[in-house]
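An overview of the molecular structure
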Amino acid sequence: MSTNQPEWLDNAVFYEIYPQSFCDTNGDGIGDFNGIISKLDYIKELGCNAIWLNPCFASPFGDAGYDVSDYYSAAPRYGTNEDLKRLFEEVHNRDMHVLLDLVPGHTSVEHKWFKESLKAEHNEFTDRYVWTDSIWEEPQGMGCIRGISDRDGSCAVNFFSHQPALNYGFYKPDRPWQQSMDDEGPKATLEELKNIMRFWLGMGCDGFRVDMAGSLVKHDEDSKGTIALWQNVREFLDNEFPSAAMVSEWGEPDKSIQGGFHMDFLLHFGPSHYNDLFRCEEPFFSDRGKGDVSEFVAKYKENYEKSERKGLICIPSGNHDMDRLARSIHGDNLKIAFAFLLSMPGAPFIYYGDEIGMRYVENLVSVEGGYGRTGSRSPMQWDSSTNAGFSSAPKEKLYIPQDESADRPTAEAQLADKNSLYNEIKKLITIRQKHAALQSKGEIEFVYAEKNAYPLAYIRSAGDEKLLVVINPADREVSFDSNIMPKESIYSFGGTVSFADGKVTVSPKSAGYYKI
Ligand code: NOJ
């Protein structure tokens, strides 16, 4: 599958914005587009040159906006379509790019398509969702909504039970109600998806992060149908919007690359071993040094080969679905984690607030379908003013309660402290931007990634440039056998890395990049 990869993706460093919690300018306790615009300089100053904006469309917010009720309208609480267009323009004025979050697999139950599809009489939207033809038959392998319509049938859901599944057909239909991908209903759904993309790309967004990209065609064991569907979308993009960037939430790079995506996330679900790094009982990046990076590396290598050694796999610092990085990784180890994240192929994604080490807020009541995810979605901590500068609303009106600790990190304090996490990340991004080998397409070869052992070492290369990266989160000196002799150090944190007597020896809690 040939894809036109937009050049800006080669050195993109993304910043994920959860719009509810970023910056509120109208005092209602919820973030808005104007707030995001007012903080673009902050994001640029950090070094990020691309943004992923979580869903910001009309929605009853039963799943924080992943339950869309109108794909063509911005959610009024964030502003108007015009405001969003202005956001795109302001982003571009700063030589940055922005991806919207496309949710193709399901809508809200409040979407007018769904309301029409509930009706007994046949209409334009009867086949927009996956329905069985009897209330007594449930769609196998999927949850369903049933007993709320005059229509006789059960409607499959794609995630929560208020998110009915859009109908892109079944790979191999085997029941009368299952439609094939070529039937009129599924074809119309796909055309509508393209219209939605056309609408926002035409307005100036640079592409999409695609929610649950692998979930569209049903009973599609090897994803052949879903891959074909995305190839169809790729053809449309190549014709009409060749510079649009497509990043999938799929977690299977070999499939997403075939579907014409430019990048895919390595995620906290599935067999990626991503959790071994930051989010398990003994994460590799904890200073206890009891973690194991080897299975992650083995899986990474497998995916890297399958995706043709392209910079396709994106490793996020976190996102709105997982625990904050700072829940399990602390102090200097956060810096070491970023020395890793910012020297890997693909585009690094920094979840808002991770750059200042924002903490997971414990014991919160679920907000808008967040459940355990709510603690990772609390409002950004900007400064020492009211509500950490997030909003002028009374505290109880804030979208989610903030971290109340007296020593909660703020952007203002970290900008002023040259040893802060923020400034270390800024330094790391500057270094990444200066060295093609460290960027998305630079190749990677692992030098040391042994079972239950430290450090982690790999070589990144592009053209004549070869860089060795050594990462030791453990609170003890470690070494491995190697005759590598570096020419120059381009980054170092913590203690020293020494190269002598056929050994590379690394001080406790240290990281370094070396020209070799
Ligand atoms: C993945 C999104 O990241 C998550 O927040 C959402 O709840 C589900 N998809 C359903 O859309």
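Predicted model only: the values in this text are computed from it and were never measured. (Residues numbered from 1 in each chain as written. Predicted model: local features only at pLDDT ≥ 70, side-chain atom pairs only at ≥ 80, totals over all residues. Heavy atoms only, no water.)

Points about the overall build of the protein
For the protein, the count of helices and strands is 12 helices and 20 strands. Along the three orthogonal principal directions, the C-alpha set of the protein runs to about 80 × 50 × 40 Å. When the 516 residues of the protein are sorted by exposure, 62% land in the buried category. Once local pairs closer than 6 in sequence are excluded, the contacts in the protein between residues at least 24 apart make up 67%. (Helix = DSSP H or I, 4+ residues; strand = E, 2+ residues; numbered from the N terminus. Buried < 20%, exposed > 50% of the residue type's maximum accessible area, 1.4 Å probe, protein only. Contact = heavy atoms within 4.5 Å.)

Observations concerning the packing of helix α10 (residues 332-341) against helix α12 (residues 421-434)
Two elements in contact, α10 and α12, have axes whose closest approach is 10 Å; the angle formed by their N-to-C orientations is 15°. When the axes of α10 and α12 are compared, the pair comes out roughly parallel. In this structure, α10 meets α12 at a crossing whose hand is right-handed. In contact with L334, K335, F338, A339 and L341 of α10, α12 contributes L421, E424, I425, L428 and R432. Here the residues of the contact of α10 with α12 sort into 7 nonpolar, no polar and 3 charged. (Axes fitted to C-alpha atoms, helices over the stretch in contact; angles between N-to-C directions. Parallel < 35°, antiparallel > 145°, perpendicular 65-115°, else oblique. Left-handed = near helix turned anticlockwise from the far one by under 90°. Nonpolar A, V, L, I, M, F, W, Y, C, P; charged D, E, K, R; others polar.)

So, the domain arrangement of the protein
A common way to report how large an interface is uses the accessible area buried once the components associate. Entries for the protein in the domain assignment read domain 1 (7-104 + 186-432), domain 2 (106-167) and domain 3 (443-515). Taken over C-alpha atoms, the centre of domain 1 sits 29 Å from the centre of domain 3. Between domain 1 and domain 3, the contact holds 32 residues from the first and 27 residues from the second. Note on domain 1 versus domain 3: buried area summed over both sides is about 2,400 Å², and carbon and sulfur give 62% of it. Run the count over domain 1 and domain 3 and you get 4 salt bridges. Between D287 and K509 there is a salt bridge, with the nearest N and O atoms lying 3.1 Å from each other. Linking domain 1 with domain 3 are 15 residue pairs in polar contact (both at pLDDT 80 or more). Sorting the residues of the side of domain 1 that touches domain 3 by element identifies α9 (294-306), α10 and α12 as the ones contributing at least two each. (Domains from an automatic or database assignment. Buried area = accessible area lost by both parts, 1.4 Å probe. Salt bridge = Lys/Arg side-chain N within 4 Å of Asp/Glu carboxyl O. Polar contact = N/O pair within 3.5 Å; in protein donor to acceptor, adjacent residues only side chain to side chain.)

Comments concerning the nonpolar core
One finds Y15, W230 and F340 to be the most contacted residues of the largest nonpolar core, which totals 161 residues. In this structure, F340 is in contact with L277, F278, F285, F296, I315, L456, Y458 and I471, ignoring residues within four places of it in sequence. Membership of the second largest hydrophobic core comes to 6 residues, among which are V130, M142, A156 and W177. (Core = buried A, V, L, I, M, F, W, Y, C linked by side-chain atoms within 4.5 Å.)

Observations regarding the site of the ligand
Taken together, D63, Y66, H106, F159, R209, D211, M212, E249, H320, D321, R373 and R377 make up the full set of residues near the ligand. The contact in question runs from an oxygen atom of the ligand to an N or O atom on the side chain of D63, over 2.7 Å. Here the ligand loses 97% of its free accessible area of 300 Å² to cover by the protein chains. Along the lines of polarity and charge, the residues of the shell around the ligand split into 3 nonpolar, 2 polar and 7 charged. (Near = heavy atom within 4 Å. Areas by Shrake-Rupley, 256 points an atom, 1.4 Å probe, with all protein chains shown as cover.)

Structural notes on the sheet that holds strand β15 (residues 465-472)
Two pairing modes exist for strands in a sheet, parallel and antiparallel, and in both the strands are linked by backbone hydrogen bonds. If you walk across this open sheet you meet the 5 strands as β13-β14-β15-β20-β17, and the pairing is antiparallel. The sheet is open, and its two edges are formed by β13 (443-448) and β17 (488-493), each paired on a single side. On average, each strand axis in the sheet is inclined to that of its neighbour by 20°, with strand direction left out of account. Sheet topology places β13 next to strand β14 (residues 456-462); 5 bridges connect them, and they run antiparallel. Note that in β14 the partner of F446 across the bridge is Y458. (Pairing = 2+ DSSP bridges.)

What to know about the pairing of strand β20 (residues 510-515)
Judged by how many residues are buried, β20 sits mostly within the fold: 5 of 6 residues are covered. Judged from the 6 bridges that link them, β15 and β20 form a sheet pairing that is antiparallel. Paired with N472 across the strands is S510, a residue of β20. Summarising the sheet, β17 and β20 pair through 5 bridges and their orientation is antiparallel. By the bridge assignment for β20, E488 is matched with K515.

Overview of the sheet that holds strand β18 (residues 497-500)
Taken together, 3 strands build an open sheet; the order of strands is β16-β19-β18 and the sheet is antiparallel. Edge positions in the sheet fall to β16 (478-481) and β18, since each has one partner strand and no second. Within the sheet, the average angular offset between the axes of one strand and its neighbour, ignoring direction, is 15°.

Brief notes about the packing of helix α5 (residues 184-203) against helix α6 (residues 224-240)
Relative orientation of the contacting elements α5 and α6 amounts to 35°, with a least axis distance of 11 Å. The handedness of the crossing between α5 and α6 is right-handed. Here L190, L193, K194, M197, R198 and L201 of α5 come into contact with α6, specifically with L229, W230, N232, V233, F236, L237 and E240. Taken together, the residues of the contact of α5 with α6 sort by class into 9 nonpolar, 1 polar and 3 charged.

Re empty space enclosed by the protein
A complete count under the given rule lists 3 cavities of 30 Å³ or more for this structure. Volume-wise, the largest cavity comes out at about 50 Å³. Looking at the lining of the largest cavity element by element, the count peaks at 4 residues for α5. Residue composition of the lining of the largest cavity, grouped by class: 6 nonpolar, 1 polar and 2 charged. Looking at which domains feed residues into the lining of the largest cavity, each of domain 1 (7-104 + 186-432) and domain 2 (106-167) gives three or more. (1 Å grid on protein atoms, 1.4 Å probe; cavity = no way out; pocket = protein on both sides within 12 Å on 5 of 7 lines; lining within 4 Å. Points joined across faces, edges and corners; volume = space filled by probe spheres on them.)

Overview of the environment of G331
As for its position among the elements, G331 is in the loop between β11 (313-314) and α10. What makes G331 exposed here is its relative accessible area of 53%.

Concerning α12
With 14 residues, α12 should reach 20 Å at 1.5 Å per residue; the first-to-last C-alpha distance of 20 Å fits that figure. Looking at the buried side of α12, the elements it contacts are α2 (40-46), α10, β12 (349-351), α11 (411-416), β17 and β20. (Expected span 1.5 Å × (residues − 1).)

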